[in-house]
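The chain contents come next:
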Amino acid sequence: MLNILFAAPEDYWPVYEGLLRDALAAKGIKAKLGTDLPPEEVDYIVYAPNDRLKDFSPFVRCRAVLGLWAGVEKIVGNKTLTMPLARMVDPGLTEGMREWVTGHVMRLHLEMDRHIFGQDGVWRPEVPPLARHRPVTVLGMGALGAACGQALAALGFPVRGWSRSLRKVEGIETFAGPDGLAEALRDAAVVVLLLPDTPETTNVLNAETLALLRKGAFVVNPGRGPLIDDDAMLAALDSGQVGHATLDVFRTEPLPVGHPYWAHPSVTVTPHIASTTRPSSSVTVIAENVARTEAGLPLLHEVDRARGY
Ligand code: NDP
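Criteria and thresholds
Residues numbered from 1 in each chain as written. Predicted model: local features only at pLDDT ≥ 70, side-chain atom pairs only at ≥ 80, totals over all residues. Heavy atoms only, no water. Pairing = 2+ DSSP bridges. Helix = DSSP H or I, 4+ residues; strand = E, 2+ residues; numbered from the N terminus. Contact = heavy atoms within 4.5 Å. Axes fitted to C-alpha atoms, helices over the stretch in contact; angles between N-to-C directions. UniProt positions renumbered as here; feature names shortened; annotations may be inferred. Domains from an automatic or database assignment. Buried area = accessible area lost by both parts, 1.4 Å probe. Parallel < 35°, antiparallel > 145°, perpendicular 65-115°, else oblique. Left-handed = near helix turned anticlockwise from the far one by under 90°. Nonpolar A, V, L, I, M, F, W, Y, C, P; charged D, E, K, R; others polar. Buried < 20%, exposed > 50% of the residue type's maximum accessible area, 1.4 Å probe, protein only. Patch = residues over 30% accessible without salt bridge, like charges linked within 9 Å, V, L, I, M, F, W, Y side chains within 5 Å. Areas by Shrake-Rupley, 256 points an atom, 1.4 Å probe, with all protein chains shown as cover. Salt bridge = Lys/Arg side-chain N within 4 Å of Asp/Glu carboxyl O.

### Details of the sheet that holds strand 1 (residues 2-7)
In spatial order, the strands read 2-1-3-4-5; together these five strands make up an open sheet with parallel pairing. Pairing within the sheet leaves two strands with one partner each, and these edge strands are strand 2 (31-34) and strand 5 (85-86). In terms of strand pairing, strand 4 (residues 64-67) meets strand 5 through two bridges, oriented parallel. Residue pairing across strands places L66 opposite A86, the latter belonging to strand 5. Each of strand 1, strand 2 and strand 3 (44-47) touches helix 1 (residues 12-26); the most contacted strand, strand 2, lies at about 175° to it.

### Quick word on the UniProt feature "domain: D-isomer specific 2-hydroxyacid dehydrogenase NAD-binding" (unreviewed entry) in the protein
With numbering aligned to this structure, UniProt lists the feature "domain: D-isomer specific 2-hydroxyacid dehydrogenase NAD-binding" (unreviewed entry) at residues 113-274. For residues 113-274, the helix share is 27%, the strand share is 19%, and the end-to-end C-alpha distance is 19 Å.

### Description of the domain arrangement of the protein
By domain assignment, the protein separates into domain 1 (2-90 + 277-294) and domain 2 (93-269). The straight-line distance from the C-alpha centre of domain 1 to that of domain 2 is 33 Å. Listed per partner, the contact involves nine residues of domain 1 and six residues of domain 2. Taken over both partners, the interface formed by domain 1 and domain 2 buries close to 630 Å², and the fraction arising from carbon and sulfur atoms is 50%. A per-residue breakdown of the area domain 1 buries against domain 2 is headed by E73, D90 and R278, which together make up 57% of the total.

### Remarks on unusual backbone geometry
For the bond from E253 to P254, the omega torsion is -5°, close enough to zero to count as cis. Structurally, P254 is set in the loop between strand 11 (242-247) and helix 8 (260-263). Positive phi outside glycine occurs at N203, with the angle close to 55°. When you line up the elements, N203 lands in the loop between strand 9 (190-193) and helix 6 (207-210). One non-glycine residue, H272, lies in the positive phi region at around 50°. Here H272 shows up in the loop between strand 12 (267-269) and helix 9 (279-294).

### Details of the packing of helix 2 (residues 91-109) against helix 4 (residues 143-154)
Between helix 2 and helix 4, whose axes approach to 9 Å, the crossing angle comes to 45°. Comparing the axis directions of helix 2 and helix 4 gives the class oblique. For the pair helix 2 and helix 4, the crossing hand works out as right-handed. For the pair helix 2 and helix 4, the contacting residues are L93, T94, M97, R98, V101, T102 and V105 in the first and A143, L144, A147, C148, A151 and L152 in the second. Partitioning the contact of helix 2 with helix 4 into residue classes produces 10 nonpolar, two polar and one charged.

### Looking at the environment of T252
With respect to the secondary-structure elements, T252 resides in the loop between strand 11 and helix 8. Judged by its relative accessible area of 46%, T252 is partly exposed. As for T252 and P226, which are separated by 26 residues in sequence, their C-alpha atoms are 9.3 Å apart.

### Focus: the sheet that holds strand 11
With respect to topology, seven strands assemble into an open sheet ordered 8-7-6-9-10-11-12, the strand pairing being parallel. A strand with exactly one partner marks an edge of an open sheet, and here the two such strands are strand 8 (173-176) and strand 12. Shown here is a sheet whose adjacent strand axes are inclined to one another by a mean of 15°, direction ignored. With five bridges joining them, strand 10 (residues 217-221) and strand 11 adopt parallel strand pairing. Bridged to F218 within strand 11 is H244. Each of strand 9, strand 10, strand 11 and strand 12 is contacted by helix 2, which is oriented at about 155° to strand 11, the strand it contacts most. Strand contacts of helix 7 (residues 230-239): strand 10, strand 11 and strand 12, with the helix running at about 135° to strand 11, the strand carrying the most contacts.

### A closer look at a nonpolar patch on the surface
Taken together, the side chains of L110, M112, I116 and F117 define a hydrophobic patch exposed on the protein surface, amounting to about 410 Å² of accessible area. With respect to the helices and strands, the residue I116 is situated in helix 3 (residues 113-116).

This is the structure in structure tokens:
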């Protein structure tokens with residue numbers, strides 16, 4: 001019998017308890033699940049950022065911490081977390097992100113706001129360009145970036161992708177590393193950010209890189225707030241270098257009431273809802289990782305602590 005601690009915000013437990021129990025049972029794993037187990041008896045921790053669990057050192061026999069979130073920036077630097085850490089790659093989360101990204105890119109591409117907000121009796125017959133004339137760059141070619149890039153490519157956008165190591169992704173022209181960034185961004189008409197928040201990715205969109213984009217480019221950020229230098233973004237929006245920014249994530253969340261993004265006419269703020277872990281599909285990933293560890297196999301989606309993601 002394994003002891004599995006569920007350490008997440010309080011409202012997660014009623015949603016996850018039954019699903020997790022069923023997913024573990026389906027893999028033949030006998031487990032005692034709880035939100036308050038004696039630390040020295042815990043074999044696995046299912047984790048999402050919360051205010052209660054900060055010190056992992058009492059969990060002396062814990063074999064892995066299994067994250068429910070894709071982003072691990074809140075936990076990856078925790079020095080007491082010495083056991084293997086897995087992040088969440090969940091088919092439901094990926095599907096949600098693909099829908100959010102394609103929806104927001106299509107809104108900007110088709111210039112829908114002009115008609116949705118412009119019913120003022122003026123007939124404006126401008127026809128937007130075809131997708132094939134609007135190059136998109138996706139920063140981050142991981143689970144989410146690659147899926148979103150491929151969905152946009154399937155709609156006809158020429159898509160470039162950028163990552164740390166060179167990735168081969170069908171339908172996408174890929175670039176890697178600091179040297180590949182300018183090539184990936186030059187003349188992009190849409191940029192989608194799906195990078196993790198690490199010291200290396202901070203302010204990846206700054207005055208210099210924003211200047212590489214096509215005049216009036218659209219920026220869509222469902223990645224993390226620190227990926228964008230906010231002062232440079234506001235200046236680029238004011239000058240028209242960036243035509244519109246759709247931002248889901250921010251340095252401070254919730255975005256403070258007086259923040260200039262709220263009032264800017266060329267910014268759409270969404271409240272960190274681009275996608276989320278879906279309980280019913282994510283429990284299968286958690287159960288699979290418990291089963292793998294018990295069988296002596298490596299974890300799926302293990303975080304590389306040195307890289308920070
Ligand atoms: P992955 O770890 O699968 O992919 C990350 C990608 O970023 C990889 O391609 C990686 O390169 C690349 N990368 C990392 N560091 C660098 C760097 N220094 N230079 C260039 N490329 C880099 O993550 P996911 O796709 O699953 O998730 C991406 C992010 O999306 C999460 O970290 C999270 O912040 C955000 N997110 C936001 C949500 C929302 O609702 N707004 C929901 C879920 C996630 P390589 O391929 O070489 O490793």
